[in-house]
Amino acid sequence: MRHATLSVRGRVPGIHDSRRVPRALHPVAWWIWALGLVIAVNRTTNPLLLILALSVLGFVVANRRTDAPWARAFKYYLMVALFIIAARIVFQSVFTAGLESGDHVLFELPHIRTPRWYAGVQIGGPVSLEATLSATVDGLRLGTMICCIGAANALANPKRALRVLPGALYELGMAVVVSISLAPQLIESVQRVARARRLRAGQRRGFRALRSIAIPVLADALERSVLLAAAMDSRGYGRTGPATRATRRLTATLLLAGMVGVCAGCYGLLNGSGPRLLATPAILAGAVLCSAGLALGGRRVRRTHYRPDPWRAPEWIVAGCGLISAVTLYFTSGYNAADLNPSFSPLRFPALPALPAVAILIAAAAAFAAPPPRRRVSGSVGVPDAAGGRIARPEVSA
Amino acid sequence: MAVDFAHWGGPIVRGCGIDQPSGYALLHAAGFTTAGDAHDGAAFICRVGNQAFHDGIVYPTSSEDPCTVTPSTSAYWSYWLAPAGQNSWTYSPVGPMGDVPKPGEVELWTFGATDIGGTGGSGVPRFPPSTLRAANAAPPTHTTPTRSTTPTRSTTPTRSTNPIPSATTRATTTTTATRAVSAPVRRMRTAHRSAAERRVASERRQPRRPARKRPAAPAPDRRRHGAAGSAPVVAAQPTSERTSSGSAGPLVIGLCLALALAAGAVWTMWRRRRYE
């Protein structure tokens, strides 16, 4: 009977396939999917492929996001993308690169003459359609990449994602989880105090009202942190374990040397004019040193997992979809590589290369491969979900 | 202006233009086709081609350089200027969009490597501008090739730039000229190595110096040297085909796909809202 009530009230047909148990997908699978799309998008300035990638992101997020506060953030990422495109167009129009023959002039800005020694930059002047289009596409690419990260943030639970940190960084991850939980708790606390104030008589305004809200909220926060500290203490947090001083020093040395190696390698890779030895070998050596340090440091931390996130077939499929997009656009074989970066001068329609388009569309399959998200029923958290006889885990637990 | 295709074993293709607003426009007016890179736009010349060499294929080809980001300094088209009356190359301080060609000026594009100051590397031209000047197009000031404009301690043998005899002799002039210069240099390098190195270091700080006074640069690539020295100078030909604007079909298909997905997303959102 209960199942019948839920299926009417809390489940959306289509999103909630009755045969599939709602559960959260492993956060790492979502991140691999999103980063694969980032790599794919980074390779192309074809506006059609970029718009296709954006709509794939929107489709998957609309289908598979939860009701958690972070899951509603995707629209803000879309706004950031729009802002980036607008800013790119404005900068392109102000700092013009000069006209080519056959350019279509849209409008003309007042031209400021720059001295001869500053001739590389022009300020103002005619703005051509070709330059504006190429600026739009450039901004669209960056905006789409940011939306990929936004989609991963909306789809993956950040607290559960921090669980996969290596053991040595476990305490750091714990601190991040506690601080992430702080903001929603504060908001909830403020709302509760405000509700209590409304119920009482004698409304005060201005600075006095601030005092009557701030003090209970602070007291609330203090009480909560004392409780959290007691709970963590009773579970054995903060113990040093069997690490000796020598191992701790060795761990720190390994990590520091590894980080220096990675930094030097990145510099060598990006600079190009530096010695070749600096680039890839330094990055590899740094990565090896870092992993050794993390493994050594992780040995002293013993963790138990409470209900670990499973990695099953849907996780493989979702991560694979993202990787297929990345690989197809990274290794430009099987199609004309020039179609990925179409030129707008002379003005011409962009082509739609079939293989990359299909690869990006495959990423949309994540919307069907991932299990349906667990939905909050009637506004409360942690209500037993009758479906499949499973107990819903509170969404906020880390 | 001219483009040196020696990197691909091709000739020096020469064209000209009158009253062009920029070096970029001059390049196009002479019949060259160019392509920019995806990162910097058309103003950064990544590929150049002309009908006179391999039927207008633009070099470097996409297998050599995808032209997605700014090409590295180890292989790119460098831009050299020689104003009227100057018989040595100057690494252009501005890009092709910022440069305004003046009457009698020679502009050259070479492919190869240069260092950051544009003073050394395989991209430095190995022939003087006089090889490229047209005999009848020489401006009145072109009576004697002027010596270097920069006041320097002219003690090194390379400074004595014996003027190239004729402005428009056969292309072999280049070979002899280069040899004539490089021989004393080799002697100088063995004798005053430290002085030569100091000179190179000081030249790096002054990127606008004429390129010809820098044969002390790293050993030139033999193959390229020979190619540049004996490369024929051929006239540029106008592009024969007009690029079509493509078809709108892919655009429509792509937009339809994206719209279908977006409609699916909106529909899902609407249903979720209704059922909540």
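Read on for an overview of the structure. (Residues numbered from 1 in each chain as written. Chains lettered and ligands numbered in written order. Predicted model: local features only at pLDDT ≥ 70, side-chain atom pairs only at ≥ 80, totals over all residues.)

Points about helix α5 (residues 249–275) of chain B
For the record, the criterion: For the purposes of this entry, the term helix denotes a DSSP run of H or I that reaches at least four residues, the term strand denotes a run of E that reaches at least two, and both are numbered from the N terminus. In this analysis, the expected span of each helix is defined as 1.5 Å times one less than the number of residues it contains. Whether a residue is buried, exposed or partly exposed follows from its count of other C-beta atoms within 10 Å of its own C-beta, namely 20 or more, 12 or fewer, or something in between, respectively; the C-beta atoms are built from the backbone. Whether two residues are in contact depends on their C-beta atoms, placed from the backbone: they are in contact if these lie within 7 Å.
With 27 residues, α5 of chain B should cover 39 Å at 1.5 Å per step; its first-to-last C-alpha distance of 39 Å lies within 8% of that length. G254, L257, A258, L261, A265 and T268 of chain B are the residues of α5 of chain B that are buried. Buried residues along α5 of chain B sit against α3 (47–64) of chain A.

Topic: the sheet that holds strand β1 (residues 2–4) of chain B
All names here are of chain B. Inclusion rule: One requirement defines pairing of two strands: DSSP has to find at least two bridges between them.
Reading across the sheet, the six strands line up as β6-β5-β7-β1-β2-β8 and stay open at both edges, with mixed pairing between neighbours. The sheet terminates laterally at β6 (90–91) and β8 (233–235), the two strands that pair on one side only. Relative to strand β7 (residues 106–112), β1 is paired through three bridges, and the arrangement is parallel. Note on β7: the bridge partner recorded for A2 is L108.

As for the interface of chain A and chain B
Quick reminder of the rule: Any residue outside Ala, Val, Leu, Ile, Met, Phe, Trp, Tyr, Cys, Pro, Asp, Glu, Lys and Arg is labelled polar, Gly included; the first ten of those are nonpolar and the last four are charged.
Contacts between chain A and chain B engage 35 residues on the former and 38 residues on the latter. Element by element, the count of residues in the side of chain A that touches chain B is highest for α3 of chain A, at nine residues. Residue classes in the side of chain A that touches chain B are distributed as 19 nonpolar, 14 polar and two charged.

Quick look at the pairing of strand β1 (residues 105–112) of chain A
All names here are of chain A. With zero of eight residues buried, β1 lies mostly on the surface of the structure. Looking at chain direction, β1 and strand β2 (residues 123–128) are connected through five bridges and run antiparallel. Its bridge partner lying in β2, I112 is registered against I123.

So, the environment of A366 of chain A
Residues and elements named next belong to chain A. As for its placement among the helices and strands, A366 is situated in helix α13 (residues 366–369). Distance in space between the C-alpha atoms of A366 and V61 is 9.8 Å, their sequence separation being 305 residues. Beyond its immediate stretch of four places on either side in the chain, A366 contacts W33, V60, V318 and C321.

Quick word on the nonpolar core
Put simply, the test is: Take the buried Ala, Val, Leu, Ile, Met, Phe, Trp, Tyr and Cys residues, join any whose C-beta atoms are within 7 Å, and the set you get is a nonpolar core.
Among the nonpolar cores identified, the biggest contains 58 residues, and W33, A53, V56, A151, V318 and A366 of chain A are the most heavily contacted of them. Put simply, the parts of the chain that give this core at least two residues each are α2 (27–42), α3, α4 (74–94), α5 (129–155), α11 (313–330), α12 (354–362) and α13 of chain A together with α5 of chain B. Sort the elements by how many residues they give to this core and α3 of chain A lands first, with 12 residues. Contact partners of A53 of chain A, with chain neighbours within four places excluded, come to L37, V41, T144 and I360 of chain A. F5, A52, C67 and W77 of chain B belong to the second-largest nonpolar core, a separate cluster that totals 39 residues.

What about the pairing of strand β5 (residues 76–82) of chain B?
Residue and element names in this part refer to chain B. Of all seven residues in β5, seven are buried; the element is thus mostly enclosed. Going residue by residue along β5, you find Y76, S78, W80 and A82 tucked away on one face and W77, Y79 and L81 tucked away on the opposite face as well. In terms of strand pairing, β5 meets β7 through seven bridges, oriented antiparallel. Pairing of A82 across the sheet is with V106, part of β7. Examined bridge by bridge, β5 and β6 share two bridges and lie antiparallel to one another.

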